[in-house]
Amino acid sequence: MPLRLPDGLPAIDILKRENINIEDMLTKEEDKRAIRIVILNLMPFKSTTETDFIRLLSNSPLLLDISFLKLKSHTSKHTPEEHMNHFYHTLEEVSKEKIDGLIVTGAPVEDLPFEEVDYWKELQEIFNWAREHVRSTLYICWAAQAGLYHFYDIPKYPLPKKMFGIFPTIPLKPELSLFRGFDDVFRMPQSRHTEVRREDIERVDDLEIIAESEESGVSIVRSRSKREFFITGHLEYAPNTLDTEYRRDLGKRDDVELPKYYYREDNPEKGPLVTWRAHANLLFTNWVMGVR
């Protein structure tokens, strides 16, 4: 099925070259049955993240209308103001429409206590609004930690070195619709300096861990309401994302090692071996099917 995206979004040209069907205009009937997905994009390079998520969402058999949410209390340093004003909306604007699904991305603010993040109060307002008005929400990486802290007071802990690589992960509840079509093990990209811990989550009756990795720890947590999913990794990552991060940080940080299970023969010059994309496509498709 086609996607409806904001007119002129840079990602459109990239996605059309990949034979992804982008609809310029919806009929009244299509507009009525479209699934409305909003993405709160907290990542610094907005266009890259837009493309990553839209690419995964495009696999849905349902008609999707995708839009983007911005914060009023924070100005992006890496994305032109013109881009933000043209393609992004405030919560007041978005809340006028019926929203089926919300995705909250990660953000490069792990080293800060949550309360010291300059947009924390506004983010809490969005979290509260989503719980009341959105059918299902995906919280990704730092946003997963932020959501667990906001709703359940679950802390994050610093890691001795960056959790970095593509880690084998086990669905603990394979019968869930989110895991429809999954194998016994799937791989999830991780790129973070902090973690949440199983023992803290298990103390909360309203939460259940539904995927976990022996090496990278808690991977996906679900609220008992079945409406919120907290994903600690980055299934949306493109094949070259970890390579870009590794080369960017090499020699600049002392807690970054070669990403595990990522390069062919652990050799950066041989490039990445992509092992997570099929399950990433499945998970996002399954999630969309659950919010219709």
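Parameters at a glance
- Residues numbered from 1 in each chain as written.
- Predicted model: local features only at pLDDT ≥ 70, side-chain atom pairs only at ≥ 80, totals over all residues.
- Heavy atoms only, no water.
- UniProt positions renumbered as here; feature names shortened; annotations may be inferred.
- Salt bridge = Lys/Arg side-chain N within 4 Å of Asp/Glu carboxyl O.
- Helix = DSSP H or I, 4+ residues; strand = E, 2+ residues; numbered from the N terminus.
- Buried < 20%, exposed > 50% of the residue type's maximum accessible area, 1.4 Å probe, protein only.
- Phe/Tyr/Trp six-rings, centres within 6.5 Å; stacked < 30°, edge-to-face > 60°.
- Lys NZ or Arg CZ within 6 Å of the ring centre and 35° of its normal.

By the naming in an unreviewed UniProt entry, the protein goes by Homoserine O-acetyltransferase and is assigned to Prevotella melaninogenica. Taken verbatim from the UniProt record of the protein, the Function (unreviewed entry) comment is "Transfers an acetyl group from acetyl-CoA to L-homoserine, forming acetyl-L-homoserine."

It is not clear to me how the pattern of salt bridges should be interpreted in this structure. Could you clarify?
Where charged atoms from two side chains of opposite charge come close, those side chains can pair. Enumeration over the complete set of coordinates arrives at 22 salt bridges. We note a salt bridge from Arg198 to Glu202, for which the minimum N-O separation is 2.3 Å. With Arg198 and Glu202 both in helix 8 (residues 198–202), this residue pair falls four residues apart, about one helical turn. Judged by its relative accessible area of 29%, Arg198 is partly exposed. Among the salt bridges present, the one from Arg248 reaches Asp249, with a minimum N-O distance of 2.9 Å. Residues joined in a network through salt bridges with shared partners are Lys162, Glu245, Arg248 and Asp249.

Help me understand unusual backbone geometry, please; the structure alone is not making it clear to me.
Phi is mostly negative for residues that are not glycine, and the peptide bonds are mostly trans. Even without glycine at this site, Asn19 takes up a positive phi of about 65°. By the element assignment, Asn19 lies in the loop between helix 1 (11–17) and strand 2 (22–23). The class for Asn19 is exposed, based on a relative accessible area of 72%.

Even after reading the chapter, I still don't get the packing of aromatic side chains, so can you show me in this structure?
Any two aromatic rings considered together are summarised by their centre-to-centre distance and by the angle between their planes. Applying the stated criterion across every chain, the model contains 18 aromatic pairs. Look at Phe127 and Tyr139: their rings are 5.0 Å apart centre to centre, the planes differ by 90°, and that puts the pair in the edge-to-face class. Here the residue Phe127 occupies a position in helix 6 (residues 120–133), and Tyr139 occupies one in strand 7 (residues 136–140), the gap between them amounting to 12 residues. Among the residues examined, Phe127 registers a relative accessible area of 0% and is labelled buried. Here Tyr139 falls in the buried class, since its relative accessible area comes to 0%. Ring pairs connect the aromatic residues Phe114, Tyr119, Trp120, Trp142 and Tyr149, which therefore count as one cluster. It is Lys156 that lies over the ring of Phe114; its NZ or CZ is 5.1 Å from the centre. Of note, Lys162 hangs over the ring of Phe164, and the distance from its end group to the ring centre comes to 4.2 Å.

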